[in-house]
Amino acid sequence: MAGTSERQRSGMASDEKLGRVTSDGLEPITSFDEMGLKDDVLRGIYQYGYEKPSAIQQRAVRSIIGGHDVIAQAQSGTGKTSMIALSVCHLVDTSYRDVQALILCPTRELAAQTEKLILGVGNFINIQVHACVGGKSVGEDIRKLEHGVHVVCGTPGRVFDMIKRRTLRTRAMKLLVLDESDEMLSRGFKDQIYDVYRYLPPELQVCLVSATLAHETLEMTKKFMTDPVRIPAQREI
Ligand SMILES: Nc1ncnc2c1ncn2[C@@H]1O[C@H](COP(=O)(O)OP(=O)(O)OP(=O)(O)O)[C@@H](O)[C@H]1O
Ligand SMILES: [Mg+2]
């Protein structure tokens, strides 16, 4: 299975493993069938009603499920969050109940939508997800997290709160996703994102997804990522 063990820190090694990993050279994969996704995830994708991957999905899924750090930029409504959902479903090992993927998003609504997408696409893998957001009952968060989930999606403040309480354990985390990262920074979540990041294991895959990429966001990626694949390819960061 693809995962942190396949994560390659060196660009050369990555090139050998996945073909040409620079985003200039990434051939789009035009069918979900050919992405190397687990069968049960594929079934979930089709049952959810997706027939064909969108442009960003065609270009970025392979790198994400191959364990690379990825910066994926595409306009609003082009399937970015769905891409995160299906990649997370592939990467998570549901045979044990530790939080393996953390998705930070700027609003409660987006966290709820992400939870729904993961539950939809992950219908055949018995995936447990919790949306951990401000404004909801802390007691309910604690109950859900202590029961054990595979994925947490949430807003940075509440997620950090749960980490500090040691209710949200980060030991088994292998993937951090920053969805709508520009939006998170513009809402003033920068410090909380860094706070969360400090508690995560060093061997962590990081994916950043956004419609726009501000300078501040790219600065953050320099701290969080090693040799990221950037899609679409633009100037070096
Ligand atoms: N491959 C696909 N086939 C059909 N519908 C899709 C596909 N991928 C995503 N969608 C649908 O398109 C809509 C937008 O998808 P999604 O929310 O993933 O995009 P996004 O880029 O994250 O959007 P936003 O910029 O609003 O966050 C959703 O209704 C989603 O279910
Ligand atoms: Mg989205």
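The name given to the protein in an unreviewed UniProt entry is RNA helicase, with the source organism recorded as Prunus persica. The Sequence similarities (unreviewed entry) field of the UniProt record for the protein holds the comment "Belongs to the DEAD box helicase family. DDX48/FAL1 subfamily." Here is the UniProt Catalytic activity (unreviewed entry) comment for the protein, exactly as written: "ATP + H2O = ADP + phosphate + H(+)".

Asks: How would you summarise the nonpolar core if you had to cite specific residues and measurements?
Replies: Counting residues in hydrophobic clusters, the biggest one holds 63 residues, and the most contacted among them are Val88, Leu104, Val151, Val159 and Val177. The greatest single-element share of this core, amounting to 7 residues, is contributed by helix α4 (residues 80-91). Residue contacts for Val88: discarding those within four places in its chain leaves Ala101, Ile118, Val151 and Leu175.

Asks: Give me the confidence of the model for the protein: which residues, what numbers.
Replies: Interpretation of this model should avoid reading the predicted coordinates in detail wherever pLDDT is low. Taken over all residues, the pLDDT of the protein has a mean of 89, while the share at 70 or more is 88%. Confidence drops under pLDDT 50 across residues 1-23; counting only partners more than four residues distant or on other chains, this segment forms 41 contacts.

Asks: An account of the sheet that holds strand β4 (residues 151-154) is needed here, citing residue identities and associated values.
Replies: The sheet built from 7 strands is open, its strands ordered β3-β4-β2-β5-β6-β1-β7 with parallel pairing. In this open sheet, the two edge strands, each paired with only one partner strand, are β3 (129-132) and β7 (229-231). With direction set aside, neighbouring strand axes in the sheet form an average angle of 15°. Pairing between strand β1 (residues 70-73) and strand β6 (residues 205-210): 4 bridges, direction parallel.

Asks: How would you summarise the site of ligand 1 if you had to cite specific residues and measurements?
Replies: Around ligand 1, the structure places Tyr50, Pro53, Ser54, Gln57, Ser76, Gly77, Thr78, Gly79, Lys80, Thr81, Ser82 and Ala211. Ranked by residue count, the leading element in the shell around ligand 1 is α4, at 3 residues. Among the residues forming the shell around ligand 1, the class breakdown is 3 nonpolar, 8 polar and 1 charged.

Calculation criteria
Per chain, the residues get numbers from 1 upward, laid out in the order the sequence is written. Note on labels: chains are lettered from A, ligands numbered from 1, in written order. Predicted model: local features are reported for residues with pLDDT of at least 70 only, side-chain atom pairs are reported and counted for 80 or more only, and whole-chain, interface and lining totals are derived from all residues. UniProt positions are given in the numbering used here, feature names are shortened, and annotations may be inferred rather than shown by experiment. As used here, a nonpolar core is made of buried Ala, Val, Leu, Ile, Met, Phe, Trp, Tyr and Cys residues. They are joined through C-beta atoms within 7 Å. For the exposure call, what matters is how many other C-beta atoms sit within 10 Å of a residue's own: 20 or more marks it buried, 12 or fewer exposed, and in between partly exposed, using C-beta atoms placed from the backbone. Helix and strand definitions here come from DSSP, where helices need a minimum of 4 consecutive H or I residues and strands a minimum of 2 consecutive E residues; each element is numbered from the N-terminal end. C-beta atoms are placed from the backbone for every residue, and two residues are taken to be in contact when these atoms lie within 7 Å. Per-residue confidence from the predictor is reported as pLDDT, a score between 0 and 100. A pair of strands is treated as paired once DSSP finds two or more bridges between them. For helices, the fitted axis covers only the stretch in contact; all axes are lines through C-alpha atoms, and the angles between them, taken along N-to-C directions, range from 0 to 180 degrees. Each residue gets a C-beta atom placed from its backbone. If that atom is within 6 Å of a molecule or strand, the residue is near it. Amino acids are sorted into nonpolar (Ala, Val, Leu, Ile, Met, Phe, Trp, Tyr, Cys and Pro), charged (Asp, Glu, Lys and Arg) and polar (every other residue, Gly among them).

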